[in-house]
Amino acid sequence: MKQRILGVDCGSYSIKIAEFERSMRSFELVGFYEMPVVPAQSPEVRPESVALQRLFEEYNLKGDFIYTALPG
């Protein structure tokens, strides 16, 4: 059974996602996506969350496992 794995890097300039597909005997990079973080118009809105949401919606990303790295 194949598994879809997403590696998410939340940086200050852009959000990057590496999409992998894993099966019993292989591990393959399926796609790499990047979305720049644009300053928010409103102080209530986090620009990183907007970029992350746009990435998932635009590329229809879904994963069985999601790993992330967040800035300090």
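Details of the structure are given in the entry above.
As the structure is a prediction and not an experimental result, all values here were calculated from the model.

Draft legend 1. How the structure looks around the nonpolar core. Counting residues in hydrophobic clusters, the biggest one holds 11 residues: Leu 6, Val 8, Cys 10, Ile 15, Ile 17, Tyr 33, Met 35, Val 37, Ala 51, Leu 55 and Leu 61. Counting only elements with at least two residues in this core, the list comes to strand 1 (3-10), strand 2 (14-22), strand 3 (27-36) and helix 1 (47-58). Looking at this core element by element, the count peaks at 3 residues for strand 1. Met 35 has contacts with Ser 14, Ile 15, Ala 51, Arg 54, Leu 55 and Glu 58, leaving out every residue within four places of it along the chain.

Draft legend 2. How the structure looks around the sheet that holds strand 2. As summarised here, the arrangement of the 4 strands in space is 3-2-1-4, forming an open sheet in which the pairing is mixed. The two strands at the open ends of the sheet, each matched to only one other strand, are strand 3 and strand 4 (65-69). The mean inter-strand angle of the sheet, taken between neighbouring strand axes irrespective of direction, is 15°.

Draft legend 3. Examining the packing of aromatic side chains more closely. A complete count under the given rule lists 2 aromatic pairs for this structure. On the basis of an interplanar angle of 20° and a centroid distance of 5.2 Å, the ring pair of Phe 20 and Phe 27 is categorised as stacked. The class for Phe 20 is partly exposed, based on a relative accessible area of 23%.

Draft legend 4. A look at the pattern of salt bridges. In total, this model carries 5 salt bridges according to the counting rule given. A salt bridge links Lys 2 to Glu 21, with the shortest nitrogen-to-oxygen separation between them at 3.4 Å. Placement of Lys 2 in the segment before strand 1 and of Glu 21 in strand 2 is noted, with a sequence separation of 19 residues between them. The shortest N-O distance in the salt bridge between Glu 19 and Arg 4 comes to 2.9 Å. Within this pair, whereas Glu 19 is found in strand 2, its partner Arg 4 is found in strand 1, the two being separated by 15 residues in sequence.

About the thresholds
Residues numbered from 1 in each chain as written. Predicted model: local features only at pLDDT ≥ 70, side-chain atom pairs only at ≥ 80, totals over all residues. Heavy atoms only, no water. Core = buried A, V, L, I, M, F, W, Y, C linked by side-chain atoms within 4.5 Å. Buried < 20%, exposed > 50% of the residue type's maximum accessible area, 1.4 Å probe, protein only. Helix = DSSP H or I, 4+ residues; strand = E, 2+ residues; numbered from the N terminus. Contact = heavy atoms within 4.5 Å. Pairing = 2+ DSSP bridges. Axes fitted to C-alpha atoms, helices over the stretch in contact; angles between N-to-C directions. Phe/Tyr/Trp six-rings, centres within 6.5 Å; stacked < 30°, edge-to-face > 60°. Salt bridge = Lys/Arg side-chain N within 4 Å of Asp/Glu carboxyl O.

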